[in-house]
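One-letter residues, chain by chain:
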Amino acid sequence: EVWCIKQKNDCVLSGGDDCCLRGWDKRSASRIFSISAPHEAGVTAINFLNDDLILTGSYDQHARLFDLRKPTRSLAAIDLGAGVWRFNKGPSIDSFLVPCTQAGALILQLSLSTSYFTKLVQYSGHNPDSITYGAAISSYCEDIVASCSFYDNSLHIWRLPSIIPSAVQR
């Protein structure tokens, strides 16, 4: 079962319940790679950072950085404490708002120069028996975040702390 798909130029990537990250070249319609390691659970999120680097998220609770020129091993990884559902635009150019199933939502920062992940803030106001599947930063007030959870049908509105880099960097 396919959980996510992303395209940039002629490259199409998919992640699935079988733990695999797959890549295709649209010009040839043939698969150029299929890898399951290091993912230990379904691949649920993919985000292109540039033409060569991608970010993946998985139900194995990890976010990983890959170079598509050598996709067989990750350049960096971080355990986020719960399954990663998606990567949404964060408050700065190098950050992401990440709904993390049973762990609420968090702001993840990635330094491309050092390939280092940092968890900047985590919102854990959702019921831990529910699953956080959505999150977005307000386009009107850049320190306001909405996140929602599945089983209890709740929507939470919360404010980013002032330690988070300014959205002006977007």
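Every value quoted in this text rests on a predicted model; they were computed, and no experiment measured them. (Residues numbered from 1 in each chain as written. Predicted model: local features only at pLDDT ≥ 70, side-chain atom pairs only at ≥ 80, totals over all residues. Heavy atoms only, no water.)

1. Section: the overall build of the protein chain
Per the secondary structure count, the protein chain includes zero helices and 15 strands. For 170 residues, the compact-globule formula gives about 15 Å, and the C-alpha radius of gyration of the protein chain, at 16 Å, lands near that figure. Dimensions of the protein chain, computed from C-alpha atoms along their principal axes, come out at roughly 45 × 35 × 25 Å. Here the protein chain, with 170 residues, has 49% of them falling under the buried criterion. In the structure as shown, the protein chain presents an accessible area of about 8,600 Å², 50% of it carried by carbon and sulfur atoms. Positive and negative side-chain charges of the protein chain, numbering 15 and 16 respectively, have mean locations separated by a distance of 6 Å. (Helix = DSSP H or I, 4+ residues; strand = E, 2+ residues; numbered from the N terminus. Rg over C-alpha atoms; globule rule 2.2 N^0.38 Å. Buried < 20%, exposed > 50% of the residue type's maximum accessible area, 1.4 Å probe, protein only. Areas by Shrake-Rupley, 256 points an atom, 1.4 Å probe, with all protein chains shown as cover. Lys, Arg positive; Asp, Glu negative; His and termini not counted. Charge placed at Lys NZ, Arg CZ, Asp CG, Glu CD.)

2. Brief notes about the packing of aromatic side chains
For the coordinates displayed, the defined rule picks out eight aromatic pairs. Taking 5.6 Å as the distance between ring centres and 85 degrees as the angle between the ring planes, the aromatic pair formed by W3 and W85 counts as edge-to-face. Highlighted residues: W3 in strand β1 (residues 2–8) and W85 in the loop between β8 (76–79) and β9 (88–89), separated in sequence by 82 residues. Judged by its relative accessible area of 24%, W3 is partly exposed. Note on Y123 and W158: the rings are 4.6 Å apart at their centroids and 5 degrees apart in plane angle, and the pair reads as stacked. You can see Y123 sitting in strand β12 (residues 116–123) and its partner W158 sitting in strand β15 (residues 154–159), a full 35 residues away along the chain. The same class applies to Y123 and to W158, which are both buried. Through successive ring pairs, a cluster of aromatic residues spans W3, Y59, W85, Y133, F150 and Y151. Between R86 and the ring centre of W85, over which it is positioned, the NZ or CZ distance is 4.3 Å. (Phe/Tyr/Trp six-rings, centres within 6.5 Å; stacked < 30°, edge-to-face > 60°. Lys NZ or Arg CZ within 6 Å of the ring centre and 35° of its normal.)

3. Thoughts on the confidence of the model for the protein chain
Summary statistics for the protein chain give a mean pLDDT of 91 and a share of 95% for residues scoring 70 or more. The secondary-structure element of the protein chain with the lowest mean pLDDT is strand β4 (residues 30–35), recorded at 86, while strand β5 (residues 43–48) shows the highest, at 97. (pLDDT = per-residue confidence, 0-100.)

4. What about the pairing of strand β3 (residues 21–25)?
Burial along β3 is one-sided: L21, G23 and D25 are buried, and none of R22 and W24, which face the opposite way, are. In the sheet, strand β2 (residues 11–16) pairs with β3 via five bridges, with the strands oriented antiparallel. Among the inter-strand pairings, C11 is bridged to a residue of β3, identified as D25. Looking at chain direction, β3 and β4 are connected through five bridges and run antiparallel. Following the sheet pairing, L21 is matched in β4 by I35. Linking two consecutive strands that pair antiparallel, namely β3 and β4, is a turn of four residues; a positive phi of about 60 degrees is found at A29 within it. (Pairing = 2+ DSSP bridges.)

5. Some thoughts on the environment of I54
Here I54 shows up in strand β6 (residues 53–58). For I54, a relative accessible area of 0% gives the class buried. With 11 residues separating them along the chain, I54 and L65 place their C-alpha atoms 5.8 Å apart.

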